[in-house]
Amino acid sequence: MYISLYRRYRPQTFSDMVGQSAAVGVLLESLREGSFGHAYLFSGPRGCGKTSAARLVAKSLDCLNRGEDCEPCGVCENCRAIAAGEHLDVIEIDGASNRGIGEIRDLKSHVSLKALSASYKVYIIDEVHMLTDAAFNALLKTLEEPPANVVFLLATTEPHKVPVTIRSRCQHIPFHRITIADTVSRLKHVCSQENIEADEEGIWEIARQADGALRDALSLTEQAVALGHGKLSLESVRELTSGSSRAELEKWVTMLRTDPRGAAAALHSIMARGISSERLCEALFVLFRDLWLFCLWKDKALEALETSSTERDYLAAEAQHWDKDKLQAACMLCSRLLPRTHYGMKGDIFSGLIFMELQNILAGNVQPAPPSRSREPERAAAPQPAARTPREEISPAPARQERPAEPLPPEDDFWMPPEEELPPVRQERPAQRRVQEPAPLFAGQPDMIFGNEAPAAFDVAGLCARLGDNEFSRLVGNLSSDWLPIAAALLNAELSRRDGTLEVTFERQMPAKNFLSIPHNRKTLTCAAAKLWGIAGGDTQPQPQHVSEPDEPAPEKQSAAAPEAEENEPTAAQSLTSHVLRLAGAEVLYVKSIHANEDETEGNE
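Caption draft 1: Broad picture of the overall build of the protein. Per the secondary structure count, the protein includes 25 helices and 9 strands. When the 605 residues of the protein are sorted by exposure, 42% land in the buried category. As displayed, the protein offers around 33600 Å² of accessible surface, 51% of which is attributable to carbon and sulfur atoms.

Caption draft 2: Geometry of the nonpolar core. Judged by nonpolar contacts, the single largest core of 38 residues is most densely connected at Trp252, Phe288, Ile354 and Leu358. Those elements that provide at least two residues to this core are helix H12 (246-258), helix H13 (260-272), helix H14 (277-297), helix H15 (309-318), helix H16 (324-341) and helix H17 (347-362). Beyond its immediate stretch of four places on either side in the chain, Leu358 contacts Trp252, Leu256, Phe288, Ala330 and Leu333. In this structure, Val24, Cys48, Ala53 and Leu56 belong to the second largest nonpolar core, which totals 26 residues.

Caption draft 3: Focus on unusual backbone geometry. A positive phi angle, near 50°, is found at Glu127, a position not held by glycine. The exposure class assigned to Glu127 is partly exposed, which follows from its relative accessible area of 24%. Despite not being glycine, Asn195 shows a phi value in the positive range, around 60°. By relative accessible area, Asn195 is classed as exposed at 71%.

Caption draft 4: Structural detail: the pairing of strand S2 (residues 90-94). Relative to strand S3 (residues 121-126), S2 is paired through 5 bridges, and the arrangement is parallel. Paired with Glu92 across the two strands is Ile124, which belongs to S3.

Caption draft 5: Structural view of the environment of Ser242. Here Ser242 lies in the loop between helix H11 (234-240) and H12. On a C-alpha basis, the gap between Ser242 and Arg273 in space is 5.4 Å, while along the polypeptide they are 31 residues apart. Those residues in contact with Ser242, other than ones at most four positions away along the chain, are Ile270, Arg273, Gly274 and Ile275.

Caption draft 6: Layout of the pattern of salt bridges. By the definition in use, this model includes 18 salt bridges. Across the salt bridge formed by Arg177 and Asp211, the nearest N and O atoms sit 3.5 Å from each other. One end of the pair, Arg177, is in the loop between strand S5 (171-174) and helix H8 (180-193); the other, Asp211, is in the loop between helix H9 (200-210) and helix H10 (214-227), with 34 residues separating them in the sequence. Take Asp211: its relative accessible area is 47%, and that puts it in the partly exposed class. Connected via shared salt-bridge partners are Arg246, Glu250, Arg289 and Asp290.

Caption draft 7: Looking closely at the sheet that holds strand S1 (residues 39-43). Strand order in the open sheet formed by 5 strands is S2-S3-S4-S1-S5, and the pairing between neighbours is parallel. In this open sheet, the two strands that pair with only one neighbour each are S2 and S5. Geometrically, the sheet is characterised by an average inter-axis angle of 20° between neighbouring strands, direction not taken into account. Pairing of S1 with S5 involves 4 bridges; the strand directions are parallel. Bridged to Phe42 within S5 is Ile173. Across the sheet, helix H5 (residues 101-111) touches S2, S3 and strand S4 (150-156), and the angle it forms with S3 is around 165°. Here helix H6 (residues 133-144) sits on the sheet and contacts S1, S3 and S4; the angle it forms with S4, its principal contact strand, is near 130°.

Caption draft 8: Looking closely at helix H3 (residues 50-62). For H3, spanning 13 residues, the distance from its first C-alpha to its last is 19 Å, which sits close to the expected 18 Å at 1.5 Å a residue. Judged by how many residues are buried, H3 sits mostly within the fold: 12 of 13 residues are covered. The inward-facing, buried residues of H3 abut helix H2 (21-33), S1, helix H4 (77-84), S2, S3 and S4.

Caption draft 9: Structural context of H13. Over its 13 residues, H13 extends 18 Å from the first C-alpha to the last, a length consistent with the 18 Å expected when each residue adds 1.5 Å. Of the positions making up H13, those classed as buried are Gly262, Ala263, Leu267, Ile270 and Met271. Among the structural elements, H12, H14 and H17 are those in contact with the buried residues of H13. Once H13 ends, the next one or two residues include Gly274, with phi positive near 105°.

Caption draft 10: Looking closely at the confidence of the model for the protein. This prediction gives the protein a mean pLDDT of 76; 68% of its residues lie at or above 70. Between residues 408-423, whose pLDDT stays under 50, and residues either more than four places distant or in other chains, the model counts 26 contacts. In this model residues 435-458 is a low-confidence stretch, pLDDT under 50, and it forms 62 contacts with partners more than four residues away in sequence or in other chains.

Caption draft 11: Main features of the side chain of Lys121. As for its position among the elements, Lys121 is in strand S3. For Lys121, which is buried and forms no salt bridge, the nearest opposite charge comes from Asp89, at a distance of 5.8 Å. Within the structure, Lys121 has its side chain in polar contact with the side chain of Tyr123 (distance 3.4 Å).

Caption draft 12: Summary view of the packing of aromatic side chains. With the rule as written, the count across this model stands at 5 aromatic pairs. Ring plane angle 20° and centroid distance 5.4 Å describe the contact between Tyr123 and Phe152, whose orientation is recorded as stacked. Pair noted here: Tyr123 is in strand S3 and Phe152 is in strand S4, with a separation of 29 residues, a long-range link.

Caption draft 13: Just the environment of Leu218, in detail. Among the secondary structure elements, Leu218 is positioned in helix H10. Separated by 31 residues in sequence, Leu218 and Leu187 place their C-alpha atoms 7.2 Å apart.

Caption draft 14: Region of interest: the packing of H8 against H10. For the pair H8 and H10, the least separation of the axes is 11 Å and the interaxial angle reads 45°. One element, H8, and the other, H10, form an angle in the oblique class. For the crossing formed where H8 meets H10, the hand is right-handed. Residues Thr183, Arg186, Leu187, Val190 and Cys191 of H8 form the contact with H10, whose own contacting residues are Leu214, Ala217, Leu218 and Thr221.

Caption draft 15: Up close: the packing of H5 against H6. Their axes nearest at 8 Å, the elements H5 and H6 cross at an angle of 15°. Compared by their axis directions, H5 and H6 come out roughly parallel. Handedness of the H5/H6 crossing: left-handed. Side by side, H5 and H6 meet where Ile101, Ile104, Leu107, Lys108 and Val111 of the first sit next to Ala134, Ala135, Ala138, Leu139 and Thr142 of the second. Among the residues making up the contact of H5 with H6, the classes are represented as 8 nonpolar, 1 polar and 1 charged.

Cut-offs used in this document
- Residues numbered from 1 in each chain as written.
- Predicted model: local features only at pLDDT ≥ 70, side-chain atom pairs only at ≥ 80, totals over all residues.
- Heavy atoms only, no water.
- Helix = DSSP H or I, 4+ residues; strand = E, 2+ residues; numbered from the N terminus.
- Buried < 20%, exposed > 50% of the residue type's maximum accessible area, 1.4 Å probe, protein only.
- Areas by Shrake-Rupley, 256 points an atom, 1.4 Å probe, with all protein chains shown as cover.
- Core = buried A, V, L, I, M, F, W, Y, C linked by side-chain atoms within 4.5 Å.
- Contact = heavy atoms within 4.5 Å.
- Pairing = 2+ DSSP bridges.
- Salt bridge = Lys/Arg side-chain N within 4 Å of Asp/Glu carboxyl O.
- Axes fitted to C-alpha atoms, helices over the stretch in contact; angles between N-to-C directions.
- Expected span 1.5 Å × (residues − 1).
- pLDDT = per-residue confidence, 0-100.
- Lys, Arg positive; Asp, Glu negative; His and termini not counted.
- Polar contact = N/O pair within 3.5 Å; in protein donor to acceptor, adjacent residues only side chain to side chain.
- Phe/Tyr/Trp six-rings, centres within 6.5 Å; stacked < 30°, edge-to-face > 60°.
- Parallel < 35°, antiparallel > 145°, perpendicular 65-115°, else oblique.
- Left-handed = near helix turned anticlockwise from the far one by under 90°.
- Nonpolar A, V, L, I, M, F, W, Y, C, P; charged D, E, K, R; others polar.

Below is the structure:
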């Protein structure tokens, strides 16, 4: 039975491992010093040698003729059985198909059994990230404290999917992508062993197409040899890769510069052979990048580039006809088109876009890269306001249009406190209050502005004398000096008498309304009104009427002799302090009397 090249040339010793010197060095030193751990996690891209390294470790642990360098002999019974996958003490488990908790329970039931014919029992779990969460949890205890003669070797291409509780119980050894030069060296060795006539450019093209996976490189080599009738040539590789070889793209780039009409036909032919837009965009980016680097640093750039001798000659000849800015623009063009090719861009659209843009770049129309769409760069690039000179002034905002003020009341009924008693902040006059039926109690209200603190003493009799002989001044006169804030709150209200009751109405919600809603303040106002107008209930703690809003259909009237239960309303009293602190300015004067008894102080607070 025919065996594929990648199976026949699987590494049988640690020295056969290609491009993994760091990982192999760690494993060999641990075996030599006798400090090999009980669990290891091998991670890396596909085809880089993870499973091969795990088998080599198993060979080295169970080899009957192991040398001082810890290399397996490869000829003893155990080495041959492990290489063939027939050893009973080396158990390989496919994590993709044996991923349930049932398989892990079977493993735990056999892990404590003694090895049959070898010194160690080795469990190799490939694609371990495919196990379920329940299977991982069932494996935790066994993986942390296995028997003395048991070793676990886990392999995965996606280590981030392995739970951290598993990774912390293993020694993590990363495997890296195999370089193009190492892949070329290994392919030459295989071709010489198989007596295959190989073209060096074809080997380089296969190594480039393998993208760091030696298994893929051997598979492509086998297909190219079959397509070339026993010979590995560049033509067979080009046909196998659908026309995306490096040599063909180099010819197309030269034709793009010298013969644009022929370049358009050649690009159409390349796309017709079935190459994907994504692969062609990646290949063009690599080619333009190599040309750009050679333009910058000449021969020094060749040390960082994985190119053959023929490709180096091309870079030296072609870079002379390109400007570094144009090459950089071509690289940015490929980088902008590459994300769009992931979503299945049609070949005709891709070829048309890249050809037109490259022609614009060659013509000198180099366009900068578009700005990023993320929010952070937008904020960073936002234009800053220009600095103002010291003499520059900011134009004031347009004046707010106000309603024309109503005519002032007669001078006899209007009084303004002296200027030294007023704070200089607010100078506007509140609109005159309209009194509902019956006729207003007073002709006009004084425009009084109160500060944050009340004066130490205030002459109520002098105030009434200044107000003149009207009903509002007489109502203020019936209030003692301790209850002067009630008079201040009434400045924002409309008073009216109906059917032996007193109605107090406010145009909107304001702190003065909350202040007059306190039961003790309502009682004081009702007593003063009873003395002035003879309203009943002044001696029995009467309640003032409901304070209504303008948008209400009609103010609800309440009798002055309401039940005493309403005096215990906690809502208005509790919210008074917060309303005064937030909203009170010059409209309301809040005074805490030092002459009031304990009950009165509690009510006013």
